[in-house]
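A structural walkthrough
Residues per chain are reported as follows:
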Amino acid sequence: MDRNIARLHDHLAPFDVVLRPHLKTTKSIDVARHLMDSPRGPATVSTLKEAARFAEAGVRNMIYAVGITPDKLKAVDALRRQGVDLAVVLDSPEQAEFLTSHARDTGIAIAALIEIDCDGHRSGVRPDATARLIAIGETLSAGGALRGVLTHAGGSYGARGREALRACAQAERDGVVLAAQTLRDAGFTCPVVSMGSTPTVHHVQDLSGVTEVRAGVFVFHDLVMAGIGVCDVDDIALSVLTTVIGHQREKGWVLIDAGWMAMSRDRGTANQDVDQGYGLVCDVTGRLLADIVMVDANQEHGIIAVRPGSNAVLPDLQIGDRLRILPNHACATGAHHDRYHVVRGPGDRIEAEWPRFGGW
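For the structure given in this document, a descriptive report is provided here. (Residues numbered from 1 in each chain as written. Predicted model: local features only at pLDDT ≥ 70, side-chain atom pairs only at ≥ 80, totals over all residues. Heavy atoms only, no water.)

The next point concerns the overall build of the protein chain. Looking only at helices and strands, one finds eleven helices and 16 strands in the protein chain. In terms of overall dimensions, the protein chain is globule-like: its C-alpha atoms have a radius of gyration of 22 Å, near the 21 Å expected for 360 residues. When the 360 residues of the protein chain are sorted by exposure, 50% land in the buried category. By sequence separation, contacts in the protein chain at least 24 residues apart represent 63% of the contacts at least 6 residues apart. Carbon and sulfur atoms make up 49% of the accessible area of the protein chain, which amounts to about 15700 Å² in all. With 37 positive and 44 negative side-chain charges, the protein chain shows a separation of 4 Å between the mean positions of the two kinds. (Helix = DSSP H or I, 4+ residues; strand = E, 2+ residues; numbered from the N terminus. Rg over C-alpha atoms; globule rule 2.2 N^0.38 Å. Buried < 20%, exposed > 50% of the residue type's maximum accessible area, 1.4 Å probe, protein only. Contact = heavy atoms within 4.5 Å. Areas by Shrake-Rupley, 256 points an atom, 1.4 Å probe, with all protein chains shown as cover. Lys, Arg positive; Asp, Glu negative; His and termini not counted. Charge placed at Lys NZ, Arg CZ, Asp CG, Glu CD.)

Structure (structure tokens):
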């Protein structure tokens, strides 16, 4: 984990940008303190519960990076009254009108960023949709709420290789900077220009016009990131500790007590060049067992076996032996657990327990 954080900081050091880490991956105050530049932030969150929990821990600068709805404004207000600079995200004039009406009714202006769709992956306003951008800007400015623009290159998760990832990063940067310039040309201030995804921030080469970058899963990495080419398997800092509970020798199976309730149902590598099943298998010290894969999962049972087509040999594992499973998706796997057991370096000595939380 420490190495992953240092690597991203080193990559961003030549650029004049702020790193606003996304805390949704870990949902842990202890991890957040390693990630943020200061105990006050800045940070990105994906739920209002995250915003509240991190605010309790002293974080004072956050973006709630999921489209805002009227029913959530009361909770946002409560945090802002506590001195938390919590900005929200939107992509429609209707949402902008919610905020403007709210400001008229309460006297509280909630800062907002316009989400930009840089690659057609999800939500947001196309960067060349000038009329829509200006309409949102006009409505927000009436309530004193326009903070800037924000984008997320979710399409980068489908890219493969350094050149493709660099192209995604450039397109992300170009899209959000174009949108910011469109707003400025129309007379609006646009102080924040925010972009980011773990694949693109590791490959971006031009951040001119960008004020901050966001990323989340880089703190742990996972098999999806390894499959994209963002990290090596050895960079994955999260694993699930499991115990051998049985064998089906005629089938070439070893049974473990980690099923999809421990690993999640995420099969994010299934569409990549190498399908990693439900995760790769390591010994208790974290040493990878070559071509040994968690091939199937029931609720509380996992099945590990030799990767299909491999000449590897299943190790002689006894009932009670401990193994570690590297996850496809660190965010999804972490969500099934209430704490991290912290191990430093090779070995299995636990030096700390860091609580994590879930919910909305």
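A separate point is the packing of helix H6 (residues 130–142) against helix H7 (residues 162–185). Taken N-terminus to C-terminus, the directions of H6 and H7 make an angle of 60 degrees; their axes are 10 Å apart at the nearest point. Taken together, the axes of H6 and H7 are oblique relative to one another. In this structure, H6 crosses over H7, and the sense of that crossing is right-handed. In this structure, H6 uses Thr130, Leu133 and Gly137 to contact H7, whose residues at the interface are Ala179, Thr182 and Leu183. Here the residues of the contact of H6 with H7 are counted per class, giving three nonpolar, three polar and no charged. (Axes fitted to C-alpha atoms, helices over the stretch in contact; angles between N-to-C directions. Parallel < 35°, antiparallel > 145°, perpendicular 65-115°, else oblique. Left-handed = near helix turned anticlockwise from the far one by under 90°. Nonpolar A, V, L, I, M, F, W, Y, C, P; charged D, E, K, R; others polar.)

This brings us to the pattern of salt bridges. Across all of its chains, the model carries 17 salt bridges by this definition. In this structure, Arg173 and Asp174 form a salt bridge, with 2.8 Å as the shortest nitrogen-oxygen distance. The buried category is assigned to Arg173, whose relative accessible area is 14%. Taking the relative accessible area as the measure of exposure, Asp174 reaches 33% and is therefore partly exposed. The closest approach of N and O atoms between Asp291 and Arg307, which form a salt bridge, is 3.0 Å. Pair noted here: Asp291 is in strand S12 (residues 288–297) and Arg307 is in the loop between strand S13 (302–306) and strand S14 (322–326), with a separation of 16 residues, a long-range link. (Salt bridge = Lys/Arg side-chain N within 4 Å of Asp/Glu carboxyl O.)

All right, on to unusual backbone geometry then. Of the consecutive residues Gly41 and Pro42, the connecting peptide bond is found in the cis state with omega at 5 degrees. Even without being glycine, Lys27 reaches a positive phi, approximately 45 degrees. With respect to the secondary-structure elements, Lys27 resides in the loop between strand S1 (18–19) and helix H2 (29–35). Classification of Lys27 by relative accessible area gives buried; the value is 12%. Although it is not a glycine, Ser264 adopts a positive phi angle of roughly 85 degrees. Along the chain, Ser264 falls in the loop between helix H10 (260–263) and strand S11 (280–283).

Moving on to the sheet that holds S14. Strands sit in the order S9-S10-S13-S12-S11-S14 around a closed barrel of six strands; the barrel is antiparallel. Going across the sheet, the axis of each strand differs from the next one's by a mean of 45 degrees, ignoring polarity. In the sheet, strand S9 (residues 240–248) pairs with S14 via four bridges, with the strands oriented antiparallel. Paired with Leu241 across the bridge in S14 is Arg324. (Pairing = 2+ DSSP bridges.)

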